[in-house]
Amino acid sequence: MIKVRNLAKHFGELVVLRDVSVDIKKGEIITVIGPSGTGKSTFLRCLNLLETPTGGQIFIDDIPLLDKNTNIPKLRQKMGMVFQGFNLFAHLTVLENLTLGPIKLLGKKKEEANKKAMELLKLVGLAEKAHAFPDELSGGQKQRVAIARCMAMEPEILLFDEPTSALDPTMVSEVLAVIRRLAREGMTMIIVTHEMEFARNISSRVFYMDEGIIYEEGPPNQIFENPLKEKTKAFINRIRSLHYAITSENYDLYAMQAEMEAFCEKHGLTKKVAGFVALMAEEVLGLQKDFADVKLGLAYSEKDGTVEMLCESSGLPENPFDEGVMADDIGIKLIKGRCKSVDYDYKDGKNVLLLKVKGE
């Protein structure tokens, strides 16, 4: 359905895309992942000519998009795009936002456009908001309306540019649920996302982009479990772990805990588990006698559903988990009660504490 050959995009001397070639079949769900600044959004914007490629070719249903004789507006109607920032018309109601395009561009009658718009609002769970204005909606509701507005133009392909990045974490799931529903109905979709668990569950294929190319592609199990290339491995390992270096007792515990909770939620763990992980971090750091050199790491294991917390420091003079050492300490009891295992070692002049926090 989409064929890309040797696609390149330069902004002056900055090379954003270079030699991107890929085929996407009808009904495929492609998620595009990778570090920021590697050309993911630019790749999407080139597909519907929001950005004009510097070189290469794009074919939509075998029609050359960049050919001067191609009817670009007609071809672009096959693709809808959902942006990070909603882009709803603030002076129009939700229903009017959905019907404007079909009436003006597709030539539909108002009654027909209204009927289709109401069907789409039911699809995204917002029929009761048809006569509301955008500023009366939450961020998640605005994004669902933006998706419905794209669908109102009857596209064959949907492009999503980080559709949840501007949302409060509590609203992400409602937008992802709508995208999952569209996937079940066979819509061809290309989704740039930082939601790794979502990408793993929904994708036909995953594109990992780095240095302006599709560095590795494959089914989700390959990319997330057994990536073949080194940069993909490094990226996947990085998104599955967090690391902190603490050099004084004036560290920001609460910012650290918030980041840990967000990390757990991103990997599909419950708020209860995320809360326990944050609590474990506080208790482990509470055991330290010296904060001159403390390294704290968090890693998620998908295979057994556990979160591992590793602490390396010289701030523990002896193993606090030995029988009788700190037997009455409430922190020790909390850690033992919540962890699958607690391992303690002493290496290279540092105490090494590894906790496996239960993931259920």
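See the structure shown above.
Here the residue numbering is sequential within each chain, running from 1 through the sequence in written order. The model is predicted, so local features are restricted to residues of pLDDT at least 70 and side-chain atom pairs to those at 80 or more, both for listing and for counting; the totals for chains, interfaces and linings are taken over all residues. To get the side-chain values, take all heavy atoms of the structure and skip hydrogens and water.

Caption draft 1: Representation of the sheet that holds strand E2 (residues 14-24) in the model. Spatially, E2-E1-E4-E5 is the arrangement adopted by the four strands of the open sheet, whose pairing is antiparallel. With partners counted over all chains shown, the strands left at the sheet margins are E2 and strand E5 (63-64), one partner each. Pairing of strand E1 (residues 2-11) with E2 involves seven bridges; the strand directions are antiparallel. Residue pairing in the sheet places Lys3 in a bridge with Asp23 of E2. Against the sheet, helix H1 (residues 40-47) engages E1, E2 and strand E4 (55-60), with an angle of about 120° to E1. Pairing between two strands is assigned when DSSP locates at least 2 bridges connecting them. Where helices and strands are cited, they refer to DSSP runs of H or I of at least four residues and of E of at least two residues respectively, numbered from the N terminus. What makes two residues a contact is simply this: any of their non-hydrogen atoms within 4.5 Å. In this description, a line fitted to the C-alpha atoms serves as the axis of each element, helices being fitted only across the stretch in contact, and the angle between N-to-C directions of two axes falls anywhere from 0 to 180 degrees.

Caption draft 2: Structural context of the nonpolar core. In these notes, a set of buried Ala, Val, Leu, Ile, Met, Phe, Trp, Tyr and Cys residues joined through side-chain atoms within 4.5 Å is what counts as a nonpolar core. Only protein chains enter the accessibility calculation, which uses a 1.4 Å probe; a residue is then buried when its area is under 20% of its type maximum, exposed when over 50%, and partly exposed in between. The biggest cluster of nonpolar side chains holds 38 residues, and the ones touching the most others in it are Leu98, Ile147, Leu158, Phe160, Ile179, Leu182 and Met189. Secondary structure elements with two or more residues in this core: helix H3 (94-104), helix H4 (110-123), helix H5 (139-152), strand E7 (157-161), helix H6 (169-184), strand E8 (188-192) and helix H7 (196-202). Aside from chain neighbours lying at most four places away, what touches Leu158 is Gly80, Cys150, Met151, Leu182, Met187, Thr188, Met189 and Ile190. Listed in part, the 33 residues of the second largest apolar core include Phe263, Val277, Phe291 and Leu296.

Caption draft 3: Local environment of the layout of surface pockets. Using a grid of 1 Å spacing that covers the protein atoms alone, one calls a set of points a cavity when a 1.4 Å probe fits there but cannot get out, and a pocket when the set is open and has protein on both sides within 12 Å along at least five of seven lines; lining residues are those with an atom within 4 Å of a point. Grid points are joined across faces, edges and corners, and a volume is the space filled by probe spheres set on the points. In this model, the largest pocket occupies a volume close to 830 Å³. What lines the largest pocket is a set of 34 residues, and nearest its centre among them are His194, Glu195, Ala262, Glu265 and Lys266. For the lining of the largest pocket, the secondary structure elements donating two or more residues are H6, H7, helix H9 (230-239), strand E11 (241-246) and helix H10 (253-266). Among the elements that line the lining of the largest pocket, the one with the most residues is H6, at six residues. Considering only residue class, the lining of the largest pocket consists of twelve nonpolar, twelve polar and ten charged. Ten residue types, Ala, Val, Leu, Ile, Met, Phe, Trp, Tyr, Cys and Pro, are classed as nonpolar, four, Asp, Glu, Lys and Arg, as charged, and the remainder, Gly among them, as polar.

Caption draft 4: How the structure looks around the sheet that holds E8. Sheet architecture is open: six strands sit in the order E6-E7-E8-E3-E9-E10, paired in mixed fashion. Strand pairing shows two members of the sheet lacking a second neighbour, strand E6 (79-82) and strand E10 (213-218), which therefore form its edges. The mean inter-strand angle of the sheet, taken between neighbouring strand axes irrespective of direction, is 20°. Strand direction decides the pairing type here: strand E3 (residues 29-33) and E8, joined by four bridges, are parallel. Bridge assignment links Ile29 to a residue of E8, and that residue is Met189.

Caption draft 5: How the structure looks around the packing of H3 against H4. Orientation of H3 relative to H4, taken along the N-to-C sense of each, is 125°, at an axis distance of 9 Å. What the angle tells us is that H3 and H4 run oblique. Seen along the crossing, H3 lies across H4 with a hand that is right-handed. Along the contact surface, H3 presents Val94, Leu95, Leu98, Thr99, Pro102 and Ile103, while H4 presents Lys110, Ala113, Asn114, Ala117, Met118, Leu120 and Leu121. Residue composition of the contact of H3 with H4, by class: ten nonpolar, two polar and one charged. For classification purposes, angles smaller than 35 degrees are called roughly parallel, those larger than 145 roughly antiparallel, those between 65 and 115 roughly perpendicular, and all remaining angles oblique. Each crossing gets its handedness from the near helix: less than a right angle anticlockwise from the far helix is left-handed, clockwise is right-handed.

Caption draft 6: Just H10, in detail. One less than the number of residues in a helix, times 1.5 Å, gives the span that helix is expected to have. Under the 1.5 Å per step criterion, the end-to-end length of H10 is 20 Å for 14 residues, consistent within 8% with the ideal 20 Å. Remark: Gly268 follows H10 within two positions and exhibits a positive phi of approximately 80°.

Caption draft 7: Examining unusual backbone geometry more closely. Positive phi, normally seen in glycine, also occurs at Asp62, with a value near 70°. Considering the arrangement of structural elements, one finds Asp62 in the loop between E4 and E5. One non-glycine residue, Glu154, adopts positive backbone phi at about 55°. With a relative accessible area of 44%, Glu154 lands in the partly exposed category.

Caption draft 8: Just the packing of aromatic side chains, in detail. The criterion for an aromatic pair is that two Phe, Tyr or Trp rings (for Trp, the six-membered ring) have centres within 6.5 Å, with stacked assigned to planes under 30 degrees apart, edge-to-face to planes over 60 apart and tilted to the rest. Per the counting criterion, the structure on display carries three aromatic pairs. Centroid distance Tyr208 to Phe235: 5.2 Å. Interplanar angle 40°. Geometry classified as tilted. Taken together, the residues Tyr208 in strand E9 (residues 205-210) and Phe235 in helix H9 connect sequence positions 27 residues apart. Tyr208 sits in the buried class, given a relative accessible area of 1%. Here the aromatic rings of Tyr251 and Phe291 are separated by 5.5 Å at their centres, their planes lie at 35°, and the arrangement is tilted. Of this pair, Tyr251 sits in the loop between E11 and H10 while Phe291 sits in the loop between helix H11 (271-286) and strand E12 (294-301), and the two are 40 residues apart along the sequence. Residue Tyr251 is classed as partly exposed on the basis of its relative accessible area of 24%.

Caption draft 9: Layout of H1. Taking burial as the measure, the eight residues of H1 include six buried ones, the bulk of the element. Within the sequence span of H1, burial applies to Lys40, Thr42, Phe43, Leu44, Cys46 and Leu47. Positive backbone phi, at 65°, marks Leu49, one or two positions downstream of H1.

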